[in-house]
Amino acid sequence: MKNKIRGILLPFICLVGICLLSISAYADGPLDGQIVGGSLLISELQAEDTRALVVEGASEYDITPYGTYLSYGTVGIANLGSGQVNFYGDTVCNKVSDIVKVNLHLQQLKNGVWSDYTTRYCTEYNDSLATSGYYTYVPTGYYYRVKGVHSATKGSVVESMTTYTKGVFIS
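Residues numbered from 1 in each chain as written. Predicted model: local features only at pLDDT ≥ 70, side-chain atom pairs only at ≥ 80, totals over all residues. Heavy atoms only, no water.

Colleague: Mind laying out the overall build of the protein chain, listing which residues take part and the relevant values?
Modeller: Check the secondary structure of the protein chain and you find one helix and nine strands. Shown N-terminal to C-terminal, the secondary structure of the protein chain runs as helices and strands in the order α-β-β-β-β-β-β-β-β-β. Of all 171 residues assigned to the protein chain, the portion counted as buried reaches 37%. As displayed, the protein chain has an accessible area near 10100 Å², and 55% of this comes from carbon and sulfur atoms. (Helix = DSSP H or I, 4+ residues; strand = E, 2+ residues; numbered from the N terminus. Buried < 20%, exposed > 50% of the residue type's maximum accessible area, 1.4 Å probe, protein only. Areas by Shrake-Rupley, 256 points an atom, 1.4 Å probe, with all protein chains shown as cover.)

Below is the structure:
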């Protein structure tokens, strides 16, 4: 009888153990759900923000809601575990521009203030796209977000915008 119970329980315990080991657990951040500096704080594994350049003063009836050159910008952050993050961004233009930039600011929330942890710059010439991505290790136990500064220059015309991801808790 004892061996019969062991024969039934052993596979069940092994199955439960395998299931528990396969679950990736990430701690909830202590400030989840709050908004700090315009960014919602979350414990999800990634966050992204895409924003189109809308001409200032444009109404919903305007046919062309984008800039003449700059179309949109995207930034993102991914928690890869053990303090490793991937942060990335791109600037996309409607037309070839003289200079296209995406400046990425990986920001850390410390004492209620967002400050640059590291910054990366990407500049392309005579193009319609600037794209960049980086991997880095950061101290755990903090929220991080990516601020993207996107710009397109054609002659004397400069169009720009800023994007922000949500704040992702890196545990």
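Next, the rest of the story.
Colleague: Explain unusual backbone geometry residue by residue, including any values.
Modeller: Glycine aside, the phi torsion of most residues is negative, and most peptide linkages are trans. Its identity as a non-glycine residue notwithstanding, Asn-111 has a phi of 55 degrees, on the positive side. The residue Asn-111 is located in the loop between strand 5 (84-110) and strand 6 (113-137) in this model. Of note in this structure, Asn-126 is not a glycine but carries a positive phi near 50 degrees. Within the secondary structure, Asn-126 is located in strand 6.

Colleague: If you had to explain the packing of aromatic side chains to someone new, which residues and values would you point to?
Modeller: As enumerated under the stated definition, the model contains three aromatic pairs in all. Judged by centre distance (5.6 Å) and plane angle (35 degrees), the ring pair of Phe-87 and Tyr-134 falls under tilted. With Phe-87 in strand 5 and Tyr-134 in strand 6, this residue pair connects regions lying 47 residues apart in the sequence. Using a relative accessible area of 1% as the deciding quantity, one classes Phe-87 as buried. Using a relative accessible area of 21% as the deciding quantity, one classes Tyr-134 as partly exposed. Ring geometry for Tyr-143 versus Phe-169: centroids 5.0 Å apart, planes at 55 degrees, classification tilted. Remark: Phe-169 occurs in strand 9 (residues 167-170) and Tyr-143 occurs in strand 7 (residues 142-154); sequence separation between them is 26 residues. For the residue pair Tyr-143 and Phe-169, the accessibility class agrees, reading buried in each case. Directly above the ring of Tyr-69 sits Lys-95, whose terminal nitrogen or CZ lies 5.7 Å from the centroid. In this structure, Arg-120 packs its charged tip against the face of Tyr-134, placed 5.4 Å from the ring centre. (Phe/Tyr/Trp six-rings, centres within 6.5 Å; stacked < 30°, edge-to-face > 60°. Lys NZ or Arg CZ within 6 Å of the ring centre and 35° of its normal.)

Colleague: With reference to specific residues and values, describe the pattern of salt bridges.
Modeller: If you walk through the whole model with that rule in mind, you get two salt bridges. As a salt-bridge pair, Asp-49 and Arg-51 come within 3.2 Å of each other at their nearest N and O atoms. In this structure, Asp-98 engages Lys-154 in a salt bridge whose closest nitrogen and oxygen atoms are separated by 3.7 Å. Remark: Lys-154 occurs in strand 7 and Asp-98 occurs in strand 5; sequence separation between them is 56 residues. Residue Lys-154 is classed as partly exposed on the basis of its relative accessible area of 31%. (Salt bridge = Lys/Arg side-chain N within 4 Å of Asp/Glu carboxyl O.)

Colleague: Explain the confidence of the model for the protein chain to me, using residue names and the numbers behind them.
Modeller: Averaged over all residues, the pLDDT of the protein chain is 84; the fraction at 70 or higher stands at 77%. Low pLDDT, under 50, characterises residues 1-7; the stretch is placed with one contact to residues that sit more than four places away or in other chains. Scored below 50 in pLDDT, residues 9-26 makes five contacts in the model with residues more than four places away or belonging to other chains. (pLDDT = per-residue confidence, 0-100. Contact = heavy atoms within 4.5 Å.)

Colleague: Outline the nonpolar core, listing residues and values.
Modeller: If you look at the biggest cluster of nonpolar residues, it comprises 23 residues, and the most contacted ones within it are Ile-77, Leu-106 and Val-146. Looking at which element gives the most residues to this core, the answer is strand 5, with seven residues. If we skip the residues at most four places from it in the chain, Val-146 touches Val-75, Gly-76, Ile-77, Phe-87, Tyr-88, Leu-104, His-105, Leu-106, Thr-163, Tyr-164 and Thr-165. Counting six residues, the second largest nonpolar core, distinct from the first, contains Val-36, Leu-41, Trp-114 and Tyr-143. (Core = buried A, V, L, I, M, F, W, Y, C linked by side-chain atoms within 4.5 Å.)

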